[in-house]
Amino acid sequence: MASPPVPDPAVSNYTTAVHRSYPKRNHHCWSNLPPDLLQFVFERLGFTDFKRAKSVCTSWKSVSRKCQPKNQIPWLILFPKDNNYGLLFNPEEQEKLYKTQDLGDDFAKSFCVGAYRSWLLKLDPQYRDLAYPLYNLYILDLLTRERITLPTLESEFGLTPPVFWVDEKTKDYLVIGMFDEENVVSFKKGDNSWKQVPELSGIGECFNLVYKDQKLYCLGYCKLKIFDFSRDIPVKVFKISVRGYVKILLRCPGRMPQNIPLTRMKNNVVVTLSGDVLIVTSIRQGGSKIWNFEMYKMDSSKGNKWEQTFSIGNEAILLDLGITVLAEDIGGIKKNSIYFNATDYDEQHDENDVFIFSLDTKKVEQPHQSVCSSFPCSNARWFLPSFKRE
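This is a predicted model, so every value here is computed, not measured.

### Thoughts on the environment of Cys 218
(1) Moving on: Among the structural elements, Cys 218 can be located in strand β14 (residues 215-219).
(2) Moving on: By relative accessible area, which is 3% here, Cys 218 ends up buried.

### Topic: the pairing of strand β22 (residues 323-326)
(1) Moving on: Relative to β22, strand β21 (residues 315-318) runs antiparallel, the two sharing four bridges. Each residue of the ladder has a partner; that of Leu 318, found in β22, is Ile 323.
(2) Moving on: What sits between the antiparallel neighbours β21 and β22 is a turn of four residues, in which Gly 322 has the positive phi angle 70 degrees.

### Some words on the pattern of salt bridges
(1) Moving on: On inspection of all chains with the given rule, the structure shows nine salt bridges.
(2) Moving on: Between Arg 147 and Asp 106 there is a salt bridge, and its shortest N-O distance comes to 2.9 Å. Taken as a pair, Arg 147 in strand β7 (residues 147-149) and Asp 106 in the loop between β3 (98-99) and β4 (111-116) lie far apart in primary sequence, 41 residues in all.
(3) Moving on: Given a relative accessible area of 33%, Arg 147 falls into the partly exposed group.
(4) Moving on: Taking the shortest distance from any N to any O, the salt bridge between Asp 276 and Lys 297 comes out at 3.4 Å.

### Observations regarding the side chain of Asp 124
(1) Moving on: Relative to the elements of secondary structure, Asp 124 occurs in strand β5 (residues 119-129).
(2) Moving on: One buried charged side chain, Asp 124, makes no salt bridge at all; its nearest oppositely charged neighbour is Lys 109, positioned 4.1 Å away.
(3) Moving on: Apart from residues lying up to four places away in sequence, Asp 124 is in contact with Lys 109, Ser 110, Leu 134, Tyr 135 and Asn 136.

### Examining the sheet that holds β14
(1) Moving on: Reading across the sheet, the four strands line up as β13-β14-β15-β16 and stay open at both edges, with antiparallel pairing between neighbours. The open sheet has two edge strands with one neighbour each: β13 (208-212) and β16 (235-241). Strand-to-strand, the axes of this sheet are offset by a mean angle of 15 degrees, without reference to chain direction.
(2) Moving on: Alignment of β13 against β14, held across five bridges, turns out to be antiparallel. Note on β14: the bridge partner recorded for Leu 209 is Cys 218.

### What about the sheet that holds strand β10 (residues 173-179)?
(1) Moving on: If you walk across this open sheet you meet the four strands as β9-β10-β11-β12, and the pairing is antiparallel. Edge positions in the sheet fall to β9 (160-166) and β12 (195-196), since each of these pairs with one other strand and no more.
(2) Moving on: Examined bridge by bridge, β10 and strand β11 (residues 183-188) share six bridges and lie antiparallel to one another. Bridge pairing in β11 links Leu 174 to Lys 188.

### A few points about unusual backbone geometry
(1) Moving on: Although it is not a glycine, Asp 82 adopts a positive phi angle of roughly 60 degrees.
(2) Moving on: Position of Asp 82 among the secondary structure elements: in the loop between β1 (75-80) and β2 (87-89).
(3) Moving on: Even without glycine at this site, Lys 171 takes up a positive phi of about 65 degrees.
(4) Moving on: By the secondary structure assignment, Lys 171 is in the loop between β9 and β10.
(5) Moving on: Overall, Lys 171 belongs to the partly exposed group, its relative accessible area being 22%.

### Some thoughts on the confidence of the model for the chain
(1) Moving on: Of the residues in the chain, 78% have a pLDDT of 70 or more, and the chain-wide mean is 80.
(2) Moving on: Within the chain, β21 carries the highest mean pLDDT (95), whereas helix α2 (residues 47-53) carries the lowest (79).
(3) Moving on: Across residues 1-20, where pLDDT falls below 50, the model places 24 contacts with residues more than four positions away in sequence or in other chains.

### A word on a nonpolar patch on the surface
(1) Moving on: On the surface, a nonpolar cluster with roughly 260 Å² of combined accessible area is contributed by Leu 37, Phe 40 and Val 41.
(2) Moving on: Examined against the element boundaries, Leu 37 turns out to sit in helix α1 (residues 35-42).

About the cut-offs
- Residues numbered from 1 in each chain as written.
- Predicted model: local features only at pLDDT ≥ 70, side-chain atom pairs only at ≥ 80, totals over all residues.
- Heavy atoms only, no water.
- Helix = DSSP H or I, 4+ residues; strand = E, 2+ residues; numbered from the N terminus.
- Buried < 20%, exposed > 50% of the residue type's maximum accessible area, 1.4 Å probe, protein only.
- Pairing = 2+ DSSP bridges.
- Salt bridge = Lys/Arg side-chain N within 4 Å of Asp/Glu carboxyl O.
- Lys, Arg positive; Asp, Glu negative; His and termini not counted.
- Contact = heavy atoms within 4.5 Å.
- Axes fitted to C-alpha atoms, helices over the stretch in contact; angles between N-to-C directions.
- pLDDT = per-residue confidence, 0-100.
- Patch = residues over 30% accessible without salt bridge, like charges linked within 9 Å, V, L, I, M, F, W, Y side chains within 5 Å.
- Areas by Shrake-Rupley, 256 points an atom, 1.4 Å probe, with all protein chains shown as cover.

Below, the structure written as structure tokens:
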């Protein structure tokens, strides 16, 4: 069954003009509103309404350059199979999907391994032979189609999903990757090749990375380490034991019977808006659709000890990104909830299954029917669309 057409996000909603006879009005009054009043209105608009309002007239657009949208509302990008475009879901407009422009011939065959603002980090693995995979990486702004090509990275030990950062104004960028769970490499604007980061070499097992506010959070099975990247040379600023709080799934020796579904488990480090650090463990019993989450918060008031917590208040966790966003009074975003993707846990899972876990009800739901429609998608990612002043 063919999917319904979806409008391009670069174009306003398609409307049909209906001509009627009305008394003549002064159609220029809206463009003559005082700038202070317009700025007051713009600062209270969400991303979508802000984008539409600034296109009303030149005076509104001029005022919009001094403002930012009220909230950073996460959007979801769906990756249709074998297609060079993405489908965008805005929780504020639950009945709609937007189709991006053509994002290149290699978009469909590459995998999204990270997101920062409207930028995606895409990976296209190539195999010279089975022992030496080559990782072709590039950064893509899915709204403007701007692309940054990175050098090929070779690793026989596999690659922990990299993290990256892009400066919207200067276009400076930094990509940090880890292979063999111990060796760290980076690439930044101006570099000619990937470089080892000796300050981070031998940091021990690290399976989850989060980069926020120029700090790199490295979560391993034994320790959490934090590195400051605000200087020319990264500096380790903190480390703490996570023994007993990072869950390890133990298996019996020997081959498991094929008729026994495996339990899925994943540990993530999450940094909240206030800078608190959480360990979030998700567990799904094999063969079931019942999810459970445990959270531990590092409490600095008690000597940096971990304590179990059951609420994140008016925030929502974007597990893909390892961050939280403000969810109070935001349409379409549920506070005290965890947004996650089931394909991160089970490759056999339904590929359209993106979920929301409520920490209040302990129940799982999906964002909206339009996200879980009949067209097949290979994956999905939450991201925070960046608003560029024009």
